[in-house]
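Here's the letter readout for the chains.
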Amino acid sequence: MAARVVWLVGTGQVAPEQVLGLTFTNKAAGELAERVRQALIKAGVTDPEAVDPDNPPGEPVISTYHAFAGRLLTDHGLRIGLEPTSRLLADATRFQLAARVLREAPGPYPALTRSFPDLVSDLLALDSELAEHLVRPDRLRAYDTELLRALDGAKLTNADLRKVPETAAARLELAELVERYRAAKRSRDLLDFGDQIALSATLARTRAEVGEILRDEFRVVLLDEYQDTSVAQRILLSGLFGGGTGHPVTAVGDPCQAIYGWRGASVANLDDFPEHFAYADGRPATRHALSENRRSGGRLLDLANGLAEPLRAMHAGVEALRPAPGAERDGVVRCALLRTHAEEIDWLGDSIAHLVRTGKAPGEIAVLCRTATDFAEIQGALVARDIPVEVVGLSGLLHLPEVADLVAVCEVLQDPGANASLVRLRTGPRWRIGARDLALLGRRARLLVRPGHTAPDDPDRRLAEAVEGVDPAEVISLADALDTFLESPLDPADASRDDGLPFSADARVRFARLAAELRDLRRSLSDPLMDVLHRVLAVTGLEVELSASPGALAARRRETLSNFLDVAASFAANDNSATLLAFLGFLRTAAQYEKGLDNALPGGENTVKVLTAHKSKGLEWDVVAVPGLVNGTFPSAQGREKWTAQAKVVPHGLRGDAATLPDIDAWDAKGMKAFHEAMKDHQRTEELRLGYVTFTRPRSLLLGSGHWWGPSQKKPRGPSDFLWALHDHCAAGHGEIEAWADEPAEDEENPALSEASAEHAWPLPLDEASLARRRAAARTVLDHLERLTGDPEAAAHSHESAHPSAYDDVPPADDPEWPPPPEDEEAPYGDGRFPDADLPGADLPDADFADPADADLDPAAWDSLPTERPMVPHPAEAPQTIGTPEPGDTAHRARAAPRPALGTPARTRTATGSRAPPSPPRRPAPSPPGTATSTPSPASSCARARRSGTSPYRPRSPRPN
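Reading the values: the criteria
- Residues numbered from 1 in each chain as written.
- Predicted model: local features only at pLDDT ≥ 70, side-chain atom pairs only at ≥ 80, totals over all residues.
- Heavy atoms only, no water.
- Core = buried A, V, L, I, M, F, W, Y, C linked by side-chain atoms within 4.5 Å.
- Buried < 20%, exposed > 50% of the residue type's maximum accessible area, 1.4 Å probe, protein only.
- Helix = DSSP H or I, 4+ residues; strand = E, 2+ residues; numbered from the N terminus.
- Contact = heavy atoms within 4.5 Å.
- Expected span 1.5 Å × (residues − 1).
- Polar contact = N/O pair within 3.5 Å; in protein donor to acceptor, adjacent residues only side chain to side chain.
- Pairing = 2+ DSSP bridges.
- Axes fitted to C-alpha atoms, helices over the stretch in contact; angles between N-to-C directions.
- Parallel < 35°, antiparallel > 145°, perpendicular 65-115°, else oblique.
- Left-handed = near helix turned anticlockwise from the far one by under 90°.
- Disulfide = S-S within 2.5 Å.
- Phe/Tyr/Trp six-rings, centres within 6.5 Å; stacked < 30°, edge-to-face > 60°.
- Lys NZ or Arg CZ within 6 Å of the ring centre and 35° of its normal.
- Nonpolar A, V, L, I, M, F, W, Y, C, P; charged D, E, K, R; others polar.

1. A few points about the nonpolar core
Formed by 112 residues in total, the largest nonpolar core has its most connected members in Val 367, Leu 422, Leu 533, Phe 564 and Phe 583. At eight residues, helix H18 (residues 401–414) tops the list of elements feeding residues into this core. Residues within four places of Leu 533 in sequence aside, it is in contact with Cys 410, Leu 565, Ala 568, Leu 580 and Phe 583. Formed by 39 residues, the second largest nonpolar core is a distinct cluster that contains Ile 259, Ala 265, Leu 368 and Cys 730.

2. So, helix H7 (residues 159–187)
Here H7 is 29 residues long and its end C-alpha atoms lie 42 Å apart, about the 42 Å a rise of 1.5 Å per residue gives. Regarding H7, its N-cap is Asn 158, as a side-chain oxygen of that residue lies 3.2 Å from the backbone nitrogen of Asp 160 further along. At the C-terminal side of H7, Asp 189 shows a positive phi close to 55°.

3. Focus: the sheet that holds strand E13 (residues 621–626)
Strand order in this open sheet of seven strands is E11-E12-E10-E13-E14-E9-E15, and the pairing throughout is parallel. Across the chains shown, the open sheet's two edge strands, defined by having one partner strand only, are strand E11 (389–391) and strand E15 (735–740). Strand after strand, the sheet turns through a mean of 20° between neighbouring axes, direction not considered. Across the face of the sheet, helix H13 (residues 298–307) comes into contact with strand E9 (332–340) and strand E14 (698–709) while running at roughly 50° to E14. Against the sheet, helix H16 (residues 375–384) touches strand E10 (365–369), E11 and strand E12 (608–612), its axis set at about 170° to E12.

4. Quick look at the packing of helix H1 (residues 2–10) against helix H2 (residues 26–42)
Packing of H1 against H2 leaves a shortest axis separation of 9 Å and a crossing angle of 45°. The orientation of H1 with respect to H2, classified from their angle, is oblique. Note that H1 runs across H2; the crossing there is right-handed. Where H1 abuts H2, its residues Ala 2, Val 5, Val 6 and Val 9 lie against Arg 35, Val 36, Ala 39 and Leu 40.

5. Notes on the state of the cysteines
Applying the stated rule across the entire model yields zero disulfides. Just so you know, Cys 730 is unpaired, no disulfide at all, and the nearest cysteine sulfur is the one on Cys 335, 3.9 Å from it. Among the residues examined, Cys 730 registers a relative accessible area of 5% and is labelled buried.

6. Quick look at the packing of aromatic side chains
Across all of its chains, the model carries 12 aromatic pairs by this definition. Taken together, a centroid distance of 5.3 Å and an interplanar angle of 85° make the contact between Phe 634 and Phe 722 edge-to-face. Within this pair, whereas Phe 634 is found in the loop between E13 and helix H28 (669–695), its partner Phe 722 is found in helix H29 (residues 721–734), the two being separated by 88 residues in sequence. When its relative accessible area of 0% is taken as the criterion, Phe 634 is described as buried. Classification of Phe 722 as buried rests on a relative accessible area of 4%. Taken together, the ring pairs connect Tyr 143, Trp 643 and Trp 667 into an aromatic cluster. The side chain of Arg 444 reaches across the aromatic face of Phe 485, ending 4.8 Å from its centre.

7. Some points on the environment of Ala 105
Position of Ala 105 among the secondary structure elements: in the loop between helix H4 (91–104) and helix H5 (116–132). With 71 residues separating them along the chain, Ala 105 and Glu 176 place their C-alpha atoms 9.6 Å apart. If we skip the residues at most four places from it in the chain, Ala 105 touches Leu 177 and Arg 180.

8. A closer look at the packing of helix H8 (residues 193–206) against helix H10 (residues 231–241)
The packing of two helices is summarised by the inter-axis angle and the distance between the axes. For the pair H8 and H10, interaxial distance at closest approach is 8 Å and the crossing angle is 30°. One finds that H8 runs roughly parallel with respect to H10. In the crossing of H8 with H10, the sense of the turn from one axis to the other is left-handed. Where H8 abuts H10, its residues Ile 197, Ser 200, Ala 201, Ala 204 and Arg 205 lie against Ala 232, Gln 233, Ile 235, Leu 236, Gly 239 and Leu 240. The class makeup of the residues in the contact of H8 with H10 is seven nonpolar, three polar and one charged.

9. Observations concerning the sheet that holds strand E2 (residues 61–64)
Reading across from one edge, E2-E1-E5-E6 is the order of the four strands in this open sheet, with parallel pairing throughout. Because the sheet does not close on itself, it has two edges, and the strands there are E2 and strand E6 (249–251). Strand after strand, the sheet turns through a mean of 15° between neighbouring axes, direction not considered. In this structure, strand E1 (residues 19–23) lies alongside E2, joined through four bridges in parallel fashion. Its bridge partner lying in E2, Thr 23 is registered against Thr 64. The strands touched by H2 are E1 and E2; relative to E2, the strand with the most contacts, the crossing angle is about 165°.

Any functional reading would require information that these geometric values do not contain.
Here it is as structure tokens:
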């Protein structure tokens, strides 16, 4: 493309500013603009030294397709009644507005039975697909109405057929909501990306003068990655520059790399380009084959050409790739088939570690996966081998433990019915609830919905049983059961009020603390999104836990959490009112479409990149590893969502690329089966394109691997067609087969299942080494605080003593993925005094090392501490000696004391910069029998200490959201 611009400008056919170049991403647009600029300078067409600031020489206009559509609407939107003040919706506002429309819709909508967050995603998905294919909601409703009429007399003999009228009815109601959503956007002068393209296409089709203006302005048009354009984008471009006008247009693309059909792209655009952009005399445009690949070695291209042979047969004018001259024998393939999934991850980690140790830069290595499911295991394997690693993309971050924990807390806060997330928190390393108490909590949750204390012949009970399941509000909620531990204690004498469930004493205390923590966090749900996330981090102590983890692993975890917060900040950047509900809907969509919802690109750090195959499009590395080449995974057996079963999918008959998609010929069992088979064939073609893209990313080395036994499968998986292709390629002498495990016997069982069924302590025992390190760090802080509150001379020399970690009795850093089981039996909840040790926010001391004289704390002192917004996750600055505070300075008026162990008296401390006598010992009033007392968690105590300025470190100003 750059050479074409140089030739056109150098021969005087066009001026530089008369060239328009369009591509998809900002990164690609910047690279294309730079290549064109440098090519013009190198060819001597433009002189960089003769730049006149007042009269700069013209440059080609290079932008993205969406940016071009936005500029078009800005300049000519008034021609179709579009106000120039219209603003572009960010993702945050889209989810916000869709949720508001759903809440305000009058209803009823009996066919929409999915959850509220899912309906938000469905509404946006249907609106986007309608815009991509220029289908009006009323046309969709007319189609589904006619479909229901046709199915009314049909004999629906199986579940798939019976699902069709249910889906059509739901799509009718969803289409009505789409109309309301679009009306809400119009009333607020808002547009999203789909609206930009759809309105621009309407402008191009209905206002011929706009095309004349642009054709006069841009004498040459260059279109990059044209196989990824949607139907609406094709109509826009052909309306402006095609349609028999004969305007010079060049489109570059590869139909074998059309991997974005799931998000609206149509490969038919490239196939039909000669007709859409014909010459002025009606002749189809000329095709030119670009077949030289200068990235990959010849042997790698031989593998890719073999895979893509069926694809080339489907598209005219596509030739097999050939390497650059002299690179015919370059490129190596190494493959392995391991016995288990764990062995495959180890092989992958060892292979990459060997490459790094032998001189390969980590930044030249990438791991491409079909889905993000294995990201956490791959990251852990590389970190364990001291290999710097970066997980690219939001969908990958959501699978990492530190991010998953934060998201789980947010889901519990927003949705009382998020039982799975609440179970994750309670069984995690912080709260450590055992199986027995967890089962009892579930029983209490069921009793709250269906009380069982009434007599069997009670009329009220019989009436409740008769209408059971009718009321949608009857949802079993573990969060509701958790709140009962904060209510007034049940009277043991009143059997009608006591469910009689024998919870352990430790579980009652922890349930009450967790309920109090969640109740406190819910008060801030109306705050801006970033404030909510930072508050969750402060209260739960997750950031403190990551900071206390050993060196390199802690650094990568903090970076992971920082990347996730950057995603949240970007989500809320254009809308300060973005709420947690909208963000969770965005995350849910990212998890569902983990092939590339977000636009995150690999950073510039020298790290191994782990990302999905879809996000690798347009990128290249020296070494690429592709794990998970097993049956059902890559290529995937999961087909595209069918319009016959999903209300958010537009029927194929209404799409602009209907000719390339299968459809149903007859509404009977035979017709439905044929449709499903055709959809499977279509999916296999999509997966073949994705494999072709994946295997052409490396320059010199491709690593491919698979396994027989998955982590939880009862039947063996085995190598997929892709792995067999790598095997045959290596067997032919073009690579190395490093391992190839034999197929398991028919009666053999998955060894991972037998390992999972082995007896383990639950909750898992705390790792002694990590616990000792955290307690040593806590002891350091407490000793420093003691010196500050005591003799000023001691405070002045507070840094002269050695750090506790310098002593020999402190074990070295060790952070195993799973702590080893204890040699001796221990109580299910440890010692019962410090349940949160070695957990998020558990870095404060307990009675094992706190001063016994400091064991009494006035409960009222907690309420006197300030509650300013926490300043996390910023690291603290270097410590300094604190002198006498200035008048009015409140940074030293309160000092957080360690949380007392359960049942241990404590005393109150003060820290005002001068000596202060301690308060007399005082015990809290005893609680009535059965009362679940609620005291602040260690994390909230630590956060309050930071917010109140009691830390010996100078506080930093919070970063703007």
